[in-house]
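A structural walkthrough
Here are the chains, one letter per residue:
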Amino acid sequence: MKKILLSGFEPFGNLDTNPTTAIISRAEDWDIEGINLETMILPVVYNECASRLIEKIELFKPDIVLSLGVAVGRSAITPERIGINIQDTAGEGKTGDNRGDQPRDRFINDGGPDGLFSTLPVRGIAELLVSEGIPAQISNTAGTYICNNTLYSVLDYINRENLDTKAGFIHVPASPDMVRKQPQMPSMAIDIQEKAIKHILEFLSKND
Ligand code: PCA
């Protein structure tokens, strides 16, 4: 039995919803053979996103931590290859986090490594989804906002604690309801996003 911790995020900025909140609420009803699944929603707050996840890791002691976030503008499911040691709201989080924190060029861990690679099989995840007919691609940047912060901090924690836990991050596209007033923006139905994440968990539970 593999213990998997799956996290999503609350909405942020000018978004009313976050597809990862919907995926998490659907995941609460999943019953996948061989997986003991815990789910949680994280706050879009620099100083809290990772600490809340780490508290749960300490309690649940998962084999695998998979965090989900939305990347508005992307058209595919994108496993992130690396988290970098920077907090900067110049990009996707221009208005700052949900508490108004607007860091520029701030280290997540002063003196920590510049970057940390995901320990999930990002190539295998992308290939699996493509073979299932779902658009997917490795992403080489998770940005410098909350999602990158979560990925970096969890990997940094796992390294410092010398844990065997594997961890990674997946960005999903916007859901159609989020872009109904911007029809030129890419989106992916929640049903397909849900299917993708379910396939990934099944794959991870069998992969060592
Ligand atoms: N996406 C944002 C933060 C929360 C989310 O779902 C990001 O890409 O950093």
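The structure this text deals with has already been given above.
What counts as what
- Residues numbered from 1 in each chain as written.
- Predicted model: local features only at pLDDT ≥ 70, side-chain atom pairs only at ≥ 80, totals over all residues.
- Heavy atoms only, no water.
- Helix = DSSP H or I, 4+ residues; strand = E, 2+ residues; numbered from the N terminus.
- Buried < 20%, exposed > 50% of the residue type's maximum accessible area, 1.4 Å probe, protein only.
- Arc of directions from axis to C-beta.
- Contact = heavy atoms within 4.5 Å.
- Near = heavy atom within 4 Å.
- Polar contact = N/O pair within 3.5 Å; in protein donor to acceptor, adjacent residues only side chain to side chain.
- Areas by Shrake-Rupley, 256 points an atom, 1.4 Å probe, with all protein chains shown as cover.
- Nonpolar A, V, L, I, M, F, W, Y, C, P; charged D, E, K, R; others polar.

So, about unusual backbone geometry. With a phi close to 50°, Lys61 is a non-glycine residue in the positive phi region. Positive phi values are uncommon outside glycine, yet Asp105 reaches one of about 50°. Relative to the helices and strands, Asp105 resides in the loop between strand S5 (82-84) and strand S6 (115-117).

What follows covers helix H3 (residues 122-131). Each turn of an α-helix holds 3.6 residues, which means side chains three or four residues apart point in the same direction. Within H3, burial applies to Val122, Ile125, Ala126, Leu128 and Leu129. With its buried residues spanning 160° around the axis, H3 presents them on a single face. In H3, those exposed residues whose orientation departs by more than 90 degrees from the buried face are Glu127 and Ser131. For H3, the secondary structure elements touched by its buried residues are strand S4 (78-79), strand S7 (166-172) and helix H5 (190-206). At the C-terminal side of H3, Gly133 shows a positive phi close to 85°.

In this section: the site of the ligand. Surveying the vicinity of the ligand reveals the residues Phe9, Phe12, Asn18, Val44, Gly69, Val70, Tyr145, Ile146, Cys147 and His171. Contact distances for the ligand include 2.9 Å between an oxygen atom and a side-chain N or O atom of Asn18. One of the backbone nitrogen or oxygen atoms of Val70 is found 2.9 Å away from an oxygen atom of the ligand. For the ligand, whose free accessible area comes to 260 Å², the fraction covered by protein is 99%. Elements with a minimum of two residues in the shell around the ligand: strand S3 (64-70) and helix H4 (146-161). Here the shell around the ligand is composed, by residue class, of 7 nonpolar, 3 polar and no charged.

The values are spatial; any link to function lies outside them.
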